[in-house]
Amino acid sequence: MTERAPAGGRGAQLARTGLRSGWTTGACATAATTAAYTALLTGAFPDPVRITLPKGQTPAFALAVEDLAPDGSTAGAGVVKDAGDDPDVTHGALVRSTVRRLPAGSGVRFVAGPGVGTVTRPGLPLEVGEPAINPVPRRMMREHLTEVAVVHGGGSRDREPDVEVTISVDHGEEIARSTWNPRLGILGGLSILGTTGVVVPYSCSAWIDSIRRGVDVALAAGRDHLAACTGSTSERTVVAEYGLPEDALLDMGDFAGAVLKYVRRHPAPRLTICGGFAKLSKLAVGHLDLHSARSAVDKGFLAELARRGGAGDELVTAVAGANTGLDALQRCRAANVPLGDLVAVEARDQALAVLRGAPVAVDVVCIDRAGTVVGRSAVRGPETALG
């Protein structure tokens with residue numbers, strides 16, 4: 001039975017690009033960890049090893065490395081990352097996992113091996129001193145370790161196994177120099193990332209064309225409320241907030257300008273823009289390409305917004321010197337300064353300026369990494385913006 005191709009939304013946009021998706025470092029680490037722990041319990045490596053991603057996909061990964069200690073104390077496996085057609089600096093990198101038994105009651109412990117960074121500054125979704133293995137990949141690995149323990153070791157689904165998991169990436173420290181990690185205080189290597197396990201390929205021209213076709217499909221279906229989302233987490237947020245159907249969702253990614261310029265020529269009555277706080281703070285300054293390689297979070301701008309929101313001199317200075325946008329947001333939230341709302345309002349007004357009086361009412365919703373709304377603007381139309 002063939003799965004119906006989606007008419008609109010994220011899935012349809014990806015299909016229209018003709019580009020091949022790939023797998024995140026988090027998915028590769030999960031596959032390697034699953035294979036290593038299976039070998040630790042059974043003496044044999046599954047190859048290929050199949051995992052389940054957060055949205056239900058079940059890809060299989062070939063193993064590039066297998067290493068079982070003669071005494072059975074550790075097992076290691078490695079997977080070569082395939083980023084599909086995305087120009088990802090980690091494409092082709094060998095992601096390794098070594099699993100070691102720990103005493104009963106230890107639970108799962110994560111360690112940064114060679115080529116994986118360590119967090120040294122606040123403002124990231126991990127505590128200072130932790131391996132740069134993000135929360136979703138950690139959760140995926142815990143779930144797969146538990147499942148392997150149930151199937152092969154007599155474990156229980158309500159208790160995670162007692163193992164140490166060391167994730168490493170060959171040449172990761174060198175590759176990380178081409179990323180933002182050193183500036184964010186992630187030292188020693190790469191981050192293990194991914195919220196869906198899937199790398200969505202971004203060819204600028206193909207993706208912008210897919211955005212245009214997404215708008216066309218939504219308007220042809222009679223949708224009067226479209227939502228432009230920076231990714232799958234923001235997409236889930238707008239569906240929960242507004243109950244929008246799939247064909248009203250536009251996978252904007254980093255291309256805010258492409259959405260706004262096309263909607264200016266092909267207007268819908270209402271456009272909601274939803275995305276991560278840091279990305280939308282770039283739109284609030286006037287950036288229309290939100291990719292980290294082409295625009296950066298302006299901490300001075302955030303500090304000025306915080307001052308407008310009632311922050312005192314000490315907090316303004318702290319925001320100006322914050323490690324990340326998330327760090328600035330957290331400091332302001334602790335002081336009851338509505339930085340998220342202020343960014344949303346500025347981003348909305350920048351969007352209205354690009355729309356140049358087109359009959360489109362706009363609102364903006366800022367979220368954190370978990371999809372929690374941390375700021376929003378009121379809906380405003382062109383007559384107010386131009387008045």
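Residues numbered from 1 in each chain as written. Predicted model: local features only at pLDDT ≥ 70, side-chain atom pairs only at ≥ 80, totals over all residues. Heavy atoms only, no water.

### A look at the overall build of the protein
Helix and strand counts for the protein stand at 14 helices and 18 strands. Here the C-alpha radius of gyration of the protein, 22 Å, is about what a compact globule of 387 residues would show, namely 21 Å. Within the protein, residue pairs in contact and separated by at least 24 positions form 67% of the contacts whose partners lie at least 6 positions apart. Carbon and sulfur atoms form 50% of the exposed surface of the protein, whose accessible area is close to 16500 Å². Measuring between centres, the 40 positive side-chain charges of the protein sit 3 Å from its 41 negative side-chain charges. (Helix = DSSP H or I, 4+ residues; strand = E, 2+ residues; numbered from the N terminus. Rg over C-alpha atoms; globule rule 2.2 N^0.38 Å. Contact = heavy atoms within 4.5 Å. Areas by Shrake-Rupley, 256 points an atom, 1.4 Å probe, with all protein chains shown as cover. Lys, Arg positive; Asp, Glu negative; His and termini not counted. Charge placed at Lys NZ, Arg CZ, Asp CG, Glu CD.)

### A short note on the sheet that holds strand β15 (residues 249-251)
Through backbone hydrogen bonds, the strands of a sheet pair up, either in parallel or in antiparallel fashion. Strands sit in the order β15-β14-β16-β17-β18 across an open sheet of 5 strands; the sheet is mixed. In the strand order of this sheet, the two ends are held by β15 and β18 (373-376), each with one partner. Neighbour-to-neighbour, the strand axes of the sheet open up by a mean angle of 25°, direction not taken into account. Summarising the sheet, strand β14 (residues 225-229) and strand β16 (residues 270-276) pair through 5 bridges and their orientation is parallel. Along β16, the bridge assignment pairs L226 with L271. In the packing of helix α9 (residues 277-285) onto the sheet, the strands contacted are β16, β17 (361-367) and β18, and the crossing angle to β16 comes to about 125°. (Pairing = 2+ DSSP bridges. Axes fitted to C-alpha atoms, helices over the stretch in contact; angles between N-to-C directions.)

### Description of unusual backbone geometry
In this structure, P48 follows D47 across a cis peptide bond, with omega equal to 5°. Along the polypeptide, P48 turns up in the loop between α2 (25-42) and β2 (49-50). Not every positive phi belongs to a glycine, and H171 is a case in point at roughly 60°. Checked against the element boundaries, H171 lands in the loop between β10 (163-169) and α4 (172-176). Taking relative accessible area as the criterion, H171 reaches 61% and is therefore assigned exposed. In this structure, N336 takes a positive phi of about 60° despite not being glycine. You can call N336 exposed: its relative accessible area is 71%. (Buried < 20%, exposed > 50% of the residue type's maximum accessible area, 1.4 Å probe, protein only.)

### Quick notes on helix α12 (residues 325-334)
All buried positions along α12 are accounted for by G325, L326, D327, A328, L329 and C332. Those residues of α12 that are buried are in contact with α9, α10 (299-308), α11 (313-320), α13 (339-355) and β18. Just downstream of α12 lies N336, where phi reads positive at about 60°.

### Some remarks on the confidence of the model for the protein
Averaged over every residue, the pLDDT of the protein is 89; residues scoring 70 or more account for 91%. Between the elements of the protein, mean pLDDT differs from a low of 60, seen in helix α14 (residues 382-385), to a high of 98, seen in β10. (pLDDT = per-residue confidence, 0-100.)

### Description of the sheet that holds β10
One open sheet holds the 5 strands; their spatial order is β4-β5-β6-β10-β7, and the pairing between them is mixed. The open sheet is flanked by β4 (65-68) and β7 (108-112), the only strands paired with a single partner. Averaged over all pairs of adjacent strands, the angle between strand axes in this sheet comes to 15°, irrespective of strand direction. Relative to β10, strand β6 (residues 94-101) runs antiparallel, the two being bridged by 7 bridges. Among the inter-strand pairings, V95 is bridged to a residue of β10, identified as V169. Against the sheet, α2 contacts β4, β5 (74-80), β6 and β10, and its axis sits at roughly 40° relative to β6.

### What to know about helix α3 (residues 135-153)
Every α-helix winds through 3.6 residues per turn, so residues three or four apart in the chain are directed the same way. Helix length check: α3, at 19 residues, gives a terminal C-alpha distance of 25 Å against a target of 27 Å (1.5 Å per residue), a fit within 8%. Three or more residues of α3 are buried, namely V136, P137, R138, M140, M141, H144, L145, T146, V148 and A149. Where α3 is buried, its residues contact α2, β7 and β10. (Expected span 1.5 Å × (residues − 1).)

### Overview of the pairing of β4
Regular strands show a simple pattern: their side chains alternate between the two faces of the sheet. Taken together, the 4 bridges between β4 and β5 define a ladder with antiparallel strand orientation. When the bridges of β5 are listed, V65 appears paired with G78. Between β4 and the antiparallel strand that follows it, β5, lie 5 residues; G72 among them carries a positive phi value of about 75°.

### Structural notes on the environment of Y37
With respect to the helices and strands, the residue Y37 is situated in helix α2. Residue Y37 is classed as buried on the basis of its relative accessible area, which comes to 7%. Between the C-alpha atoms of Y37 and F61, which are 24 residues apart in sequence, the distance is 15 Å. Y37 has contacts with V99, L145, V148, A149, P161 and V163, leaving out every residue within four places of it along the chain.

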